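Observations on the model geometry
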Amino acid sequence: MSDQIKFIVDNLNKEPFRKNYNLITFDSLEPMQLLQVLNDVLAEIDPKQVVDIREEMPEQTAKRMLSLLGILKYKPPGNATDMSTFRQGLVIGSKPVIYPVLHWLLQRTNELKKRAYLARFLIKLEVPSEFLQDETVADTNKQYEELMEAFKTLHKECEQLKASGFSTAEIRRDISAMEEEKDQLIKRVERLKKRVETVQNHQRMLKIARQLRVEKEREEFLAQQKQEQKNQLFHAVQRLQRIQNQLKSMRHAAADAKPESLMKRLEEEIKFNSYMVTEKFPKELENKKKELHFLQKVVSEPAMGHSDLLELESKINEINKQINQLIEKKMMRNEPIEGKLSLYRQQASIISRKKEAKAEELQEAKEKLANLEREVSVKTNQTREFDGTEVLKGDEFKRYVSKLRSKSTVFKKKHQIIAEFKAEFGLLQRTEELLKQRHENIQHQLQTIEEKKGVSGYSYTQEELERVSALKSEVDEMKGRTLDDMSEMVKKLNSLVSEKKSALAPVIKELRQLRQKCQELTQECDEKKSQYDSCAAGLESNRSKLEQEVRGLREECLQEESRYHYTNCMIKNLEVQLRRATDEMKAYVSADQQEKRKAIREQYTKNIAEQENLGKKLREKQKAVRESHGPNMKQAKMWRDFEQLMECKKQCFLKQQSQTSIGQVIQEGGEDRLIL
């Protein structure tokens, strides 16, 4: 425990903690201060844990620390009952709980920093299956998983680059050295050009040198192609060997096979392949086509702004509300036929899912079988190359089996001999039990005879007397020896006590003086400790104030950084606008008519003119509509009145036909008269 505390104090006094503790001050920390130290160590591992414990509830602190320790894979000692004591100790700041945690964290700080950083991106959010049925949620979840896998690959590449030993300073040095070499080569080429220009027929010689370089490159390419073809030939030979081995194994397997089993196997394979071709693959192809169509649609659409996104979100919310209302109506109806159909549909969907899962499992099993066969062929080739021995097949395997059978017969014989020995041992045990029973019977008979003769217990007392006498003689001898030894030991002890008293007399005097000094020093220590506690409390308050100031300054720094990035973005936008304006001015000022037509001003003037012409036409149409609006409305009203009149006449005619002829109707001057 002391070594553990010493290790913790040494690491807390180093960078980046710089606590300036010693063993006494660290051991005298209060539970809240000890929890704050643990929180500071966790904050160094994960910056999200920077919290003042005095401003947080104890349950929240314990929950936060336990979640981070679970992410860091800390395993507390003990079983489930110890886990509850560990949680309670973490809440109250118990030293036996916090000291091992600090020791474990400070031992592997860098490793835990990396683990906490990766946990921010690699802890998967579990989405319930009912939410995954929504297409948008499923798509976002799929994108989330793809991004997680991309992060894994990028992190691995980053770690590999870090482990490879390359650094930015070395790369910059290499780049600067390569630039210097480039300048030197350019100067050298210029000097060589000047020298060559003085030589006669230098153009012809340069042409020949160029042809020579081309031929050398072609030679290198042909050599490389030759090597690739050799490798391909080697791989083809290996593949041929594997296929031949597979053919042999299949022939051996087919030699003992029956036609019925082969037919069953072929029928199963045909069923599986037909299911894959007719059901599974078309579904996957259709899903892929839908995804492709959706992605093409997304790509073809123009870029959407924030307002467009808000409109889409509002539409989605409205459609979701309508869907919920329809579901509620459907549930209110609660038709029994639909309920039965839904049950059958659910069963059918479950069976189809199980079928797809089993098909995938079968496909994976086939792939595993192919991989294992490949590995077996590779291993057989390796054993043949290394040891020169082959895997047992055919007759050799039969010989090996016959050897095993002979060994099994020998084993059975030995096992039979052991069984005989065990039986004999059981007989001997039984005889021993019988003899013990006979001895007990004889003893019982002897006791009955002694009771009849009036001397019951004679044999037992005789044996006991003999045994006690033997023991008494031994004890007397031991007593005589021990008395002599004890007298000698007393003499020796008396002499030693007198010697020790004479030797310890001056030491006792010194001890009395040292006790007085110890009392004085303890009083001074208590006074100094009280002074130290008051000073530590003042320093603690100053430290909390400084931490608040540092926190405020960090927030200001972050605000200034965000403002700086915002201004940079605005500057870049203004530069782009300025560049566009300069291009527009160049196109507008240039004498070329095509460039003028490309200018935005010309395009806008053209569009304005077109829109003005269109507006004139629309105003003319509006004027014509306004002029003809009154007569048209009057005509429409007259037409509606005419329709009503005709409808009324139709109704009257129908009534006239339906009624019995009570009187006679006479029409005169556009009027109908009934004469009874």
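Here goes a summary of the coordinates provided. (Residues numbered from 1 in each chain as written. Predicted model: local features only at pLDDT ≥ 70, side-chain atom pairs only at ≥ 80, totals over all residues. Heavy atoms only, no water.)

1. Describing the overall build of the protein
Secondary structure summary: the protein contains 18 helices and two strands in total. Within the span of the protein, comprising 676 residues, buried residues form 11% of the whole. Long-range pairs, those at least 24 residues apart, make up 52% of the contacts in the protein with a sequence separation of at least 6. As displayed, the protein has an accessible area near 59,400 Å², and 57% of this comes from carbon and sulfur atoms. (Helix = DSSP H or I, 4+ residues; strand = E, 2+ residues; numbered from the N terminus. Buried < 20%, exposed > 50% of the residue type's maximum accessible area, 1.4 Å probe, protein only. Contact = heavy atoms within 4.5 Å. Areas by Shrake-Rupley, 256 points an atom, 1.4 Å probe, with all protein chains shown as cover.)

2. Re the layout of surface pockets
A volume near 1,700 Å³ is recorded for the largest pocket. Forming the boundary of the largest pocket are 35 residues, of which E135, A138, D139, K142 and E291 lie nearest the centre. At the level of elements, α9 (135–163), α12 (259–300), α13 (306–333) and α14 (336–386) are the ones that each hand at least two residues to the lining of the largest pocket. Tallied by class, the residues present in the lining of the largest pocket amount to nine nonpolar, nine polar and 17 charged. The computed volume of the second largest pocket comes to approximately 980 Å³. What lines the second largest pocket is a set of 31 residues, among which Y21, L29, Q33, A536 and E540 lie closest to the centre. The set of elements that each furnish at least two residues to the lining of the second largest pocket consists of α2 (23–27), α3 (31–45) and α16 (458–589). Residue contributions to the lining of the second largest pocket peak at 13 residues, all from α16. Looking at the lining of the second largest pocket, its residues break down into 13 nonpolar, six polar and twelve charged. (1 Å grid on protein atoms, 1.4 Å probe; cavity = no way out; pocket = protein on both sides within 12 Å on 5 of 7 lines; lining within 4 Å. Points joined across faces, edges and corners; volume = space filled by probe spheres on them. Nonpolar A, V, L, I, M, F, W, Y, C, P; charged D, E, K, R; others polar.)

3. Some remarks on the pattern of salt bridges
Taken as a whole and judged by the stated rule, the model has eleven salt bridges. As a salt-bridge pair, D40 and K19 come within 2.9 Å of each other at their nearest N and O atoms. Here K19 lies in the loop between α1 (2–13) and α2 and D40 lies in helix α3, a separation of 21 residues in the sequence. With a shortest N-O distance of 3.0 Å, K113 and E44 are connected by a salt bridge. Here K113, found in helix α7 (residues 109–122), pairs with E44, found in helix α3; they are 69 residues apart in sequence, far enough to count as distant. What emerges from the salt-bridge pattern is a single network uniting E540, R543 and E547. (Salt bridge = Lys/Arg side-chain N within 4 Å of Asp/Glu carboxyl O.)

4. Points about a nonpolar patch on the surface
A contiguous nonpolar patch, built from V127, F131 and L132 and spanning about 230 Å² of accessible area, is present on the exposed surface. By the secondary structure assignment, L132 is in helix α8 (residues 129–132). By relative accessible area, L132 is classed as partly exposed at 30%. (Patch = residues over 30% accessible without salt bridge, like charges linked within 9 Å, V, L, I, M, F, W, Y side chains within 5 Å.)

5. As for a negative patch on the surface
A grouping of E179, E180, E181 and D183 is seen on the molecular surface, where their side chains present a negatively charged patch. Among the structural elements, E180 can be located in helix α10 (residues 168–197). Taking the relative accessible area as the measure of exposure, E180 reaches 51% and is therefore exposed. (Lys, Arg positive; Asp, Glu negative; His and termini not counted. Charge placed at Lys NZ, Arg CZ, Asp CG, Glu CD.)

6. Some remarks on α7
With 14 residues, α7 extends 20 Å from end C-alpha to end C-alpha; this agrees with the ideal 20 Å at 1.5 Å per step. Listed as buried for α7 are T109, L112, A116, L118 and A119. (Expected span 1.5 Å × (residues − 1).)

7. Digging into the packing of aromatic side chains
Overall, the coordinates contain five aromatic pairs when judged by the stated rule. Ring centres 4.8 Å apart and planes at 35° place the aromatic pair F121 and F151 in the tilted group. A residue pair is termed long-range when its members are at least 10 positions apart, and F121 in helix α7 and F151 in helix α9 qualify at 30 residues. Cluster of aromatic residues (ring-pair linked, three or more members): Y117, F121 and F151. (Phe/Tyr/Trp six-rings, centres within 6.5 Å; stacked < 30°, edge-to-face > 60°.)

8. Notes on α3
Here α3 contains 15 residues, and its C-alpha end-to-end distance of 21 Å stays within 8% of the 21 Å for a straight helix at 1.5 Å per residue. Most of α3 sits inside the fold, with eleven of its 15 residues counted as buried. When we look at burial in α3, the residues that qualify are L34, L35, Q36, V37, L38, N39, D40, V41, L42, A43 and I45.

9. Notes on the nonpolar core
Within the largest apolar cluster, 33 residues are counted, with the highest numbers of intra-cluster contacts made by L12, F26, L38, L72, L102 and L105. Elements supplying a minimum of two residues to this core: α1, α3, α4 (58–71), α5 (80–92), α6 (95–107) and α7. Take this core: its biggest share by element is eight residues, from α6. Beyond its immediate stretch of four places on either side in the chain, L72 contacts I45, W104, L105, L112, R115 and A116. (Core = buried A, V, L, I, M, F, W, Y, C linked by side-chain atoms within 4.5 Å.)

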